[in-house]
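# Chains, contacts and geometry: an overview
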Amino acid sequence: MRAASTVLGADRWGAWERDGFVVLPGFVPPDRVESLRHRIDDLVAGYASQGLPDGAATVFSTTEQTHAQDNWFLTSADVIRPFFENGAFDADGNLVAPMDRALNKMGHALHDLDPAFDQFSRTTDLASLVAELGVTDPLLLQSMVIFKPPRIGGEVVCHCDHSFLWTDPQTVVGLWFALDDATVANGCMWAIPGGHVGGARTRFRLDGTGGTTTDVLDPTPYDHGDLVPVEAEAGTLVAFHGCLPHWSGANTSDRPRLAYTLHVIDGTAHYRADNWLQRGADLPLRGFA
Ligand code: FE2
């Protein structure tokens, strides 16, 4: 059921239903983009000056899945934790690049643990948009800063986010905020318009033995020829359906491509107990209030 709202308007509602995503340029005012960037700079500077905690020498790669069995990843639902690019460490676990060029992402509870991210993530405009997209009892499930550093940021293989955050029925909504101008050259997101209709083709889940596994529900590979670039100026919000196939290439440019993402689910749906992301009892999921 579509809620009354003025955020989308009829044209964009049509795009949402048809394409499975909608692009909202200028959704975030420049001063709020800037203040979040400052907060990210502070967190990165903290990692650089204070050193990394034990276990942090962990890469996040969707191409190699080296993180999948990694405790550092699987216990990050209710903390703020850094993840690194492939090749960020030498054989002794020492960083081989400056911190701001070595990070792949931070996650996954920024929006609940850091006041700056809490404020950025819980605005009335965002709550209105998510209601308009049909989420009746929104829960803010996970948040990430995606660094995609120049010359280093790697490919993210074509996937849909419902595969990782499964609800019955599917209610996952992705909210992707450009904090830099994202272009084809610096590895913007690409998506398959209308691809959300086909549902998730895989499911990544806990395997019951402390690791993870990926169930193949439909072995048909995504056709990369169907992908279209979703270029976005800083301050743009891209909202996308949990089953929308999306991909991004490596950042082969000299320009950074910083982004913030937030994923929302509907509390009326069933969130599976074998999803990888499980909050502890002391940090229950909250909505926009
Ligand atoms: Fe994704």
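To keep things clear, this report deals only with the structure shown in the data block. Please read all numbers here as calculations on a predicted model, not as lab measurements.

Each value, and the rule that gives it
- Throughout this description, residue numbers start from 1 for each chain and increase along the sequence as written.
- This being a predicted model, a pLDDT of at least 70 is required before a residue's local features are given, and a value of 80 or more before pairs of side-chain atoms are given or counted; all residues contribute to the totals for chains, interfaces and linings.
- Heavy atoms from the whole structure form the basis of all side-chain values; hydrogens and water molecules are not counted.
- Only protein atoms enter the 1 Å grid used here, on which a cavity is any set of points holding a 1.4 Å probe that cannot leave and a pocket is any open set flanked by protein within 12 Å on both sides along at least five of seven lines; residues with an atom within 4 Å of a point are listed as lining.
- Grid points are joined across faces, edges and corners, and a volume is the space filled by probe spheres set on the points.
- A run of H or I in DSSP counts as a helix once it spans at least four residues, and a run of E counts as a strand once it spans at least two, with each numbered from the N terminus.
- Here the term buried applies to any residue with accessible area under 20% of the maximum for its type, exposed to any over 50%, and partly exposed to those in between, with areas from a 1.4 Å probe on protein chains only.
- Two strands pair if DSSP finds at least two bridges between them.
- Just to be clear on terms, a salt bridge is a Lys or Arg side-chain nitrogen sitting within 4 Å of an Asp or Glu carboxyl oxygen.

Right, let's talk about the layout of surface pockets for a bit. As a volume, the second largest pocket reaches approximately 240 Å³. Around the second largest pocket, the lining residues are Arg37, Ile40, Asp41, Val44, Asp100, Arg101, Phe147, Pro149, Pro150, Asp180, Pro256 and Leu258. The set of elements that each furnish at least two residues to the lining of the second largest pocket consists of α2 (30–50) and α4 (99–102). The greatest single-element share of the lining of the second largest pocket, amounting to 4 residues, is contributed by α2.

Now for the pairing of strand β14 (residues 259–266). Both faces of the sheet carry side chains from a regular strand, because those side chains alternate between them. The element β14 is extensively covered by neighbouring structure, given that 8 of its 8 residues are classed as buried. Of the two faces of β14, the one carrying Ala259, Thr261, His263 and Ile265 and the one carrying Tyr260, Leu262, Val264 and Asp266 are both buried. As paired strands, strand β4 (residues 138–146) and β14 are joined by 8 bridges and run antiparallel to one another. Within β14, the residue paired with Val145 across the bridge is Tyr260. Here strand β7 (residues 173–178) pairs with β14 via 6 bridges, running antiparallel. The residue of β14 that forms the bridge with Gly174 is His263.

Our focus in this paragraph is the pairing of strand β12 (residues 237–241). Among the 5 residues that make up β12, 5 are buried, leaving the element largely enclosed by the rest of the structure. Of the two faces of β12, both are covered, the one formed by Leu237, Ala239 and His241 as well as the one formed by Val238 and Phe240. Both strand β1 (residues 21–24) and β12 contribute to a ladder of 4 bridges, which runs antiparallel. Its bridge partner lying in β12, Val23 is registered against Val238. Two strands pair when backbone bridges link them, and β7 and β12 are joined in this way by 5 bridges, in the antiparallel orientation. Its bridge partner being in β12, Val173 is matched across the sheet by His241.

Let us look at the pattern of salt bridges. Using the criterion set out here, one finds 12 salt bridges in the structure. Arg205 is the partner of Asp215 in a salt bridge, and the nearest nitrogen-oxygen pair spans 2.6 Å. In this pair, Asp215 sits in strand β10 (residues 212–216) while Arg205 sits in strand β9 (residues 202–206), placing the two residues 10 residues apart along the sequence. The partly exposed category is assigned to Arg205, whose relative accessible area is 21%.

Everything listed here is a matter of coordinates, which is why it stays silent on function.
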